[in-house]
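Chain by chain, the residues:
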Amino acid sequence: MQKNLPHICPSCSSTLMVKSLVCDQCETEVSGKFGLPLLASLTQQEQDFIIDFVKCSGSLKVMAQNLGLSYPTVRNLLDDVITKVTDNQKNQAKFVK
Amino acid sequence: MKKWLFNPFIYVAGSRALLIGWVVMIVTAVIGYYSNTHFTSIGVKTGIAAPLAYCLIEQFVAWGCTVLLFYPAGRIFSTSAIRVVDVAGTMALARWPMIFCAVMGFAMPVYSPSQSVDELIKSITGTTIALSMLVLVFAIWMITLMVNAFMLSCNLKGSKAVISFIVSLLLAEILSSFILHHIHNYFI
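What you are looking at is a predicted structure, and each value in this text was computed from that prediction instead of being measured.

What counts as what
Residues numbered from 1 in each chain as written. Chains lettered and ligands numbered in written order. Predicted model: local features only at pLDDT ≥ 70, side-chain atom pairs only at ≥ 80, totals over all residues. Heavy atoms only, no water. Helix = DSSP H or I, 4+ residues; strand = E, 2+ residues; numbered from the N terminus. Rg over C-alpha atoms; globule rule 2.2 N^0.38 Å. Buried < 20%, exposed > 50% of the residue type's maximum accessible area, 1.4 Å probe, protein only. Contact = heavy atoms within 4.5 Å. Areas by Shrake-Rupley, 256 points an atom, 1.4 Å probe, with all protein chains shown as cover. Lys, Arg positive; Asp, Glu negative; His and termini not counted. Charge placed at Lys NZ, Arg CZ, Asp CG, Glu CD. Patch = residues over 30% accessible without salt bridge, like charges linked within 9 Å, V, L, I, M, F, W, Y side chains within 5 Å. Salt bridge = Lys/Arg side-chain N within 4 Å of Asp/Glu carboxyl O. Polar contact = N/O pair within 3.5 Å; in protein donor to acceptor, adjacent residues only side chain to side chain.

Here the focus is the overall build of chain A. Helix and strand content of chain A: 3 helices and 2 strands. The N-to-C order of helical and strand elements in chain A reads β-β-α-α-α. A compact globule built from 97 residues would reach a C-alpha radius of gyration of about 13 Å, whereas chain A, at 17 Å, exceeds it by more than 25%. Once the C-alpha set of chain A is aligned to its principal axes, its extents read approximately 45 × 35 × 25 Å. Within chain A, the proportion of its 97 residues that are buried is 25%. Expressed as a percentage of contacts within chain A between residues at least 6 apart in sequence, the contacts between residues at least 24 apart total 38%. For chain A, the computed accessible surface area is about 7,200 Å², with 56% contributed by carbon and sulfur atoms. Side-chain charges of chain A comprise 10 positive and 9 negative groups, with the mean position of each set lying 8 Å from the other.

What follows concerns the environment of Val18(A). Residues and elements named next belong to chain A. Here Val18 lies in strand β1 (residues 18-22). On a C-alpha basis, the gap between Val18 and Gly58 in space is 31 Å, while along the polypeptide they are 40 residues apart. Excluding residues that lie within four positions of it along the chain, Val18 makes contacts with Gly32, Lys33, Phe34 and Leu36.

The subject of this paragraph is a nonpolar patch on the surface. Taken together, the side chains of Ile48(B), Tyr111(B), Leu120(B), Ile124(B), Ile129(B), Met133(B), Leu136(B) and Ile140(B) make up a nonpolar region of the molecular surface, amounting to roughly 690 Å² of accessible area. The exposure class of Ile124(B) is partly exposed, given its relative accessible area of 42%.

Quick look at the side chain of Ser35(B) now. All names here are of chain B. Here Ser35 is to be found in helix α2 (residues 14-35). By relative accessible area, Ser35 is classed as buried at 3%. Separated by 2.6 Å, the side chain of Ser35 and the backbone oxygen of Ala102 make a polar contact.

Shown next, in the form of C-alpha cells:
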C-alpha cells in the first residue's frame with residue numbers, strides 16, 4: 001500500500017511541519033522543526049504530472065501525445081500546478097517570516 | 001461518452017481540430033445548399049435558396065467571426081499563453097452539430113419573395129414547429145461546445161469566462177449577421 005505524505009493538519013487545516021527524521025539502518029533520530037519540500041505539498045496526481053513533464057524534457061506536445069490529451073488540456077494542467085506552487089511558495093514565505 | 005459529446009477538446013484541439021472542423025463546415029455548407037439552410041455564428045435560417053459559393057462563404061464567416069472575437073477576449077482575460085490555432089480549431093469543431101440542422105432543412109418549407117404573409121403562415125405546420133424546436137436543441141448543443149472550447153483553449157474559469165463568452169458571442173453574432181447580409185446582397 002502506498003502511503004501519501006500528509007501536509008495539511010486534519011484539525012485546523014494549517015501546513016504540517018516535520019518534527020523528526022529517522023535513519024532506517026541505525027535508527028538514529030534527528031529532531032527539530034523542518035518545513036516540507038514545496039513539491040511534497042502537491043497531490044500525488046500533480047507530482048506525477050511534474051515527473052512526466054520532466055521526463056518529456058518539458059515538451060507539452062510530447063506530453064499531450066503520451067497522455068492522449070490535447071495540447072491546451074495539458075497546458076491548463078501545468079498552469080494549475082504553477083498557480084498552486086506559487087501560492088504554496090507565498091504561504092511558506094509568510095510562515096517563515 | 002459525455003466528454004466526447006460536450007467537451008471533445010480535452011482530446012482534440014489545435015490543427016487537428018481545425019482540419020476536422022473545416023471538413024465538417026464544408027459538408028454542412030453543401031448539405032445546407034441543397035436543403036436551403038443558412039447559418040450565422042449561432043443562428044440558423046431555413047427555406048431560403050442561395051448559391052453554393054455563398055453557403056461556403058457563410059460557414060467561414062460564421063466561424064471566423066467567433067475566432068476574431070474569442071481570441072482577443074482570451075488574450076485580455078487569460079494569464080495563460082493561449083494559441084490562436086487552439087481557439088480556431090476548437091471553434092471550428094464546435095460547429096459540428098450544425099450538420100444535423102442542415103439535414104433538417106430538407107423538411108422545412110421553402111420561402112419565395114412573391115409569397116404573401118397568409119401563404120407563409122399556412123406553410124407552418126406542426127412538423128415545422130417540432131423541427132424548429134429540434135434545431136434549437138442542436139443550436140444549444142453547439143453553444144455548449146463553444147463554451148467548453150473557449151474555456152479550454154483560453155484557460156478561463158468562473159464568472160470571467162462566462163461574461164467574456166457571452167459578450168464575445170453576441171458581438172460575433174452581430175458581426176457575422178452584418179457581414180453575411182452584405183455578402184447576400186452581392187450574391188442575390
